[in-house]
Structure formats: structure tokens, C-alpha cells
Amino acid sequence: MSTYARGAHQVGDGLWAYLQPDGGWGWSNAGLVTDGEASLLVDTLFDLRLTQQMLDDLRSVTPAAGSIGTVVNTHANGDHCYGNQLVAGADIVASSASAREMDEVPPSTLAALLRGADELGDAGAYLRDIFGPFSFDGIEHVPPTTTFEGRLDLRVGDRGVQLLELGPAHTRGDVVVHVPDAGVLFTGDLVFHGGHPIVWAGPVRHWIEACDRMLALGPSTVVPGHGPLSDQACIRDQRGYFEWLVAEGTPRLEGGMAPLDAARDLAGGPYAGWGEGERLVVNLTALGRDLGLDPPADVVTLFGGMAALASG
Ligand SMILES: [Zn+2]
């Protein structure tokens, strides 16, 4: 399954992944689960133009996409929920923790951050660079209409779909969508395939446990939150990355290195070939928090650190 073209890819009977290469900042994947006329959309996209394009593309592969009854937002990051207003008639489902995070960081927060980017120096230039391809005009905060904790079993037509809350890890309320009859798992951003993951919430140990829980489901097809389709290999790779981060990061941080210096030290390591290597500074900051070292973790400091790493 090496196909990585933009658009809808059938991954099972009545099942599609919607992929957006190259999987970097904001270029997220989504999915559609159908049975007969019934359909469930896994995630909306980062802006209205992209989400509308996706809805049009999905309607061209199945009429069931014309009447989406349920939307699952896997987590609170905008590239998975900012298109919600285009499916506002649907029941929108998320974990309670994600719903709280969406309320605390609505679309207007990112728009304001970008409008003020000139005041933020290198961090601002970096923000404008990575989010430049997207338009945040006119995006309304459309919160979930149904929330849950732990697990929620849904039906799409006669088809059983399991929502499992495996966060906090990437964010505070990460959810995966499992379609057991087809062995398909939509992971949201608990799996980045081909790029560095980013630990906004943590703890890192909990993300490793989330990988184990995903592997225990035994999926044959894995639709990551970013990057091309895969099987369980991409989950094992993600788990290996965090084992490496803990093993290499802990002695450096406990030895007094700042997260940015530790990131520079590790940047040439075994994951140098993965995209978005600047996220190492955020992941080491999260690990430092796990270790009780409490490095500064405000958003401007984090993006400033990534700007510094990205510029070499
Ligand atoms: Zn994402």
C-alpha cells in the first residue's frame, strides 16, 4: 500500500481514507465509514476550501457521503476539526477532553496568533511559513454535539464502529476509530507516518501505551493522521520513536541540557530521515515536563524553538 495520491482511497467494503500529501504541518488525513445510505466521517480538514473539496470528492466515490449523519473529531487540533461548520447538521462526536480543549483554543486563537506574527520574530515567520497554505477566514467554532469518555460504540447502518479514547498523548483527548469487521483503524494523530509526531499534551509514556492498545486491536489497515496508508508497521515505528526519545532524551535533560540543545544533539540520529524534525524540541520539552523539570512550554517558546531548529 504505497499509493500516496491526494484524495479518496478505498480501504475496505464501504470504507475510504482521504489522504493529503505530503502529510506535513496541517496536511491531515480523514476517513469515511459507510453502510448502505449511512455514513460517518472521521475528521474534517484545516480550512473550509479543503473540507469542501474533500466532501465533493467523497460524494463522487459514494452517494452515502451526501448525507453524513455522524462526524468524529479525533482530537482538538484545527486540521481535524476546523471544517466542522460544513457538516454542522451531523452529530459531531469527540471525547469530553477534546471538547474542552476545542473550547479553550477556538479557531480565532490561531487566526489571532497569525495576525500578530510580525511581533513574534523568528517564531512568527515560521508560523506564517507552515500555515501559509491555509485560510482561516470565516471559520466558526462548531463544537461537538456528543461527548464521551473511554469508549463509545456506534452503529453506521448495521456496521459496528468503536471509538476509543487513548489520550492524553498528542493532545488531551485523542480518539481512534476502529472498524473491526474490516480490520481498519483510523488513528488520528496518534500516528504520524513518515514525519516526527508532536507531543502537545503527553505524557510520552502514555503515548507508548496508546501504541500498545492500537496494536492489540490487530488492524490490517492503518490510516494515520498524517502520511501514507500503512499496516501495523507504522504503529510499531511510532512506538519505537518514543522508546528512543525516552532513552536518549532522559539523560540529556536530567544532565541539565535545555530541550533545544538536546534536540540539536539528537537531530542527526536514527529519525533524521523523518519530516518535521524540528518537532524534537517540543517532544523533549514534553519529556522534561514528564520528568518534573518543567521547561517553559508556552506556544511562542515552542514555535521559537522549532523555528531555530528548522533554520539549522
Ligand atoms: Zn493533525
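Structure shown above.
Anyway, here's the lowdown on the structure attached to this text. As the structure is a computational prediction, the values presented were derived from the model and not from experiment. (Residues numbered from 1 in each chain as written. Predicted model: local features only at pLDDT ≥ 70, side-chain atom pairs only at ≥ 80, totals over all residues. Heavy atoms only, no water.)

1. With respect to the coordination of the zinc ion
Inference 1: Donor atoms from the polypeptide that coordinate the zinc ion comprise Asp79 (OD), His80 (NE2), Asp189 (OD) and His226 (NE2), at 2.1 to 2.3 Å from the metal.
Inference 2: Between the four donor atoms coordinating the zinc ion, the angles at the centre fall across 86 to 159°, so the site counts as irregular.
Inference 3: Counting gaps between the donor residues of the zinc ion yields the pattern D-H-x108-D-x36-H. In this structure, Asp79 and His80 share a single accessibility class: buried. (Donors = N, O, S within 2.8 Å, 3.2 Å for Na, K, Ca; no water. Tetrahedral: all angles 85-135°; square planar, octahedral: opposite > 155°, others 65-115°. Buried < 20%, exposed > 50% of the residue type's maximum accessible area, 1.4 Å probe, protein only.)

2. Re the layout of surface pockets
Inference 1: For the largest pocket, the calculated volume is near 760 Å³.
Inference 2: Lining of the largest pocket is provided by 34 residues; of these, Asn77, Val105, Trp200, Val299 and Phe303 occupy positions nearest its centre.
Inference 3: The greatest single-element share of the lining of the largest pocket, amounting to four residues, is contributed by helix 8 (residues 280-290).
Inference 4: For the lining of the largest pocket, a count of residues per class yields 20 nonpolar, eight polar and six charged. (1 Å grid on protein atoms, 1.4 Å probe; cavity = no way out; pocket = protein on both sides within 12 Å on 5 of 7 lines; lining within 4 Å. Points joined across faces, edges and corners; volume = space filled by probe spheres on them. Helix = DSSP H or I, 4+ residues; strand = E, 2+ residues; numbered from the N terminus. Nonpolar A, V, L, I, M, F, W, Y, C, P; charged D, E, K, R; others polar.)

3. Thoughts on the pairing of strand 2 (residues 15-19)
Inference 1: Judged by how many residues are buried, strand 2 sits mostly within the fold: five of five residues are covered.
Inference 2: Burial along strand 2 is two-sided: the residues Leu15, Ala17 and Leu19 and Trp16 and Tyr18 are all buried.
Inference 3: Summarising the sheet, strand 1 (residues 7-12) and strand 2 pair through five bridges and their orientation is antiparallel. In the sheet register, Gln10 faces strand 2, and the bridge partner there is Trp16.
Inference 4: Hairpin connection between strand 1 and strand 2: a loop of two residues separates the two successive antiparallel strands, and Gly14 in this loop has a positive phi of roughly 70°.
Inference 5: Pairing of strand 2 with strand 3 (residues 30-35), which is carried by four bridges, proceeds in the antiparallel orientation. In the strand pairing of strand 3, Leu15 is matched with Val33. (Pairing = 2+ DSSP bridges.)

4. Overview of the packing of helix 3 (residues 107-115) against helix 4 (residues 121-131)
Inference 1: For the pair helix 3 and helix 4, interaxial distance at closest approach is 9 Å and the crossing angle is 125°. The pairing of helix 3 with helix 4 is recorded here as oblique in orientation. On the side of helix 3, the interface is formed by Leu110, Leu113 and Leu114, while helix 4 contributes Leu127, Arg128 and Phe131.
Inference 2: Of the residues contributing to the contact of helix 3 with helix 4, the split by class is five nonpolar, no polar and one charged. (Axes fitted to C-alpha atoms, helices over the stretch in contact; angles between N-to-C directions. Parallel < 35°, antiparallel > 145°, perpendicular 65-115°, else oblique. Contact = heavy atoms within 4.5 Å.)

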